[in-house]
Amino acid sequence: MKPSNNAAPSIIGSDVTISGDITTLGEIQLDGTVEGDVRSESLTVGEHGSVNGTVVANNVIVKGSISGQIKGRNIRLEKSAKVKGDIMHETLSVEAGAFVEGSLTHRDNPMQESAPKAIKSVEIKSEGQKTA
């Protein structure tokens, strides 16, 4: 299911605080605070907006602050951005003055969950102990 092309963005005002996750197929303009994960097609975090959680979106513009991992195809960090967390991106733009604390990782499909690595089974024996 795709959002219609003329759908208006969801706007979260500067006086709004949300405790919990947000998921939408559309666009979000965030000027308030989210204590939780945000998943959308497009997310713009305004200068006074903040997210404390994971962000997953095709297009991410950060003017405010994010504390948590960001996964997106196109990520733009503007000069007022403050990001504390790892960024997985296909394309990344960082303006002079933006603050980033975390690792930057280029991936062809950053929003795809990576498969868990297989854990190798290891048998540990004490000296003199026999195993069947």
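## Description of the overall build of the chain
- For the chain, the helix and strand inventory stands at zero helices and 14 strands.
- Counting from the amino terminus, the chain carries its helices and strands in the arrangement β-β-β-β-β-β-β-β-β-β-β-β-β-β.
- Here the chain, with 132 residues, has 33% of them falling under the buried criterion.
- Carbon together with sulfur atoms contributes 48% to the accessible area of the chain, which is approximately 8,600 Å² in total.

## Considering the pairing of strand β6 (residues 38-45)
- Counting buried positions along β6 yields six of eight residues, so the element is predominantly enclosed.
- As judged from the two bridges shared by strand β3 (residues 22-23) and β6, these two strands associate in the parallel manner. Residue I22 lies in a different strand from β6, and its bridge partner there is V38.
- Pairing of β6 with strand β8 (residues 55-62) involves seven bridges; the strand directions are parallel. In the strand pairing of β8, V38 is matched with V55.

## Observations regarding the confidence of the model for the chain
- Across the chain, the average pLDDT comes to 86, with 80% of residues at or above 70.
- Counting contacts from residues 115-126, a segment whose pLDDT is below 50, to residues more than four positions away or on other chains yields two contacts.

## Re the nonpolar core
- Among the nonpolar cores identified, the biggest contains 21 residues, and L30, L43, V51, I70 and L77 are the most heavily contacted of them.
- With four residues, β8 is the single largest residue contributor to this core.

## Comments concerning the side chain of S50
- Structurally, S50 can be placed in strand β7 (residues 50-52).
- By relative accessible area, which is 18% here, S50 ends up buried.
- Setting aside anything within four residues of it in sequence, one finds S50 in contact with L30, G32, T33, V34, V45 and S65.

## A short note on the sheet that holds β7
- Spatial ordering of the open sheet is given by β2-β5-β7-β9-β11-β13, a layout of six strands whose pairing is parallel. Since the sheet does not close on itself, it has two edges, and those belong to β2 (17-19) and β13 (99-101), each with one partner. Taking the axes of each pair of neighbouring strands and ignoring which way they run, one obtains an average angle of 5° across the sheet.
- Both β2 and strand β5 (residues 33-35) contribute to a ladder of three bridges, which runs parallel. Across the sheet, the residue bridging to S19 is E35, located in β5.

## Some details on a nonpolar patch on the surface
- Together, V94, V100 and L104 make up a nonpolar patch on the protein surface, roughly 220 Å² of accessible area in all.
- By the element assignment, V100 lies in strand β13.

Conventions used here
Residues numbered from 1 in each chain as written. Predicted model: local features only at pLDDT ≥ 70, side-chain atom pairs only at ≥ 80, totals over all residues. Heavy atoms only, no water. Helix = DSSP H or I, 4+ residues; strand = E, 2+ residues; numbered from the N terminus. Buried < 20%, exposed > 50% of the residue type's maximum accessible area, 1.4 Å probe, protein only. Areas by Shrake-Rupley, 256 points an atom, 1.4 Å probe, with all protein chains shown as cover. Pairing = 2+ DSSP bridges. pLDDT = per-residue confidence, 0-100. Contact = heavy atoms within 4.5 Å. Core = buried A, V, L, I, M, F, W, Y, C linked by side-chain atoms within 4.5 Å. Axes fitted to C-alpha atoms, helices over the stretch in contact; angles between N-to-C directions. Patch = residues over 30% accessible without salt bridge, like charges linked within 9 Å, V, L, I, M, F, W, Y side chains within 5 Å. Salt bridge = Lys/Arg side-chain N within 4 Å of Asp/Glu carboxyl O.

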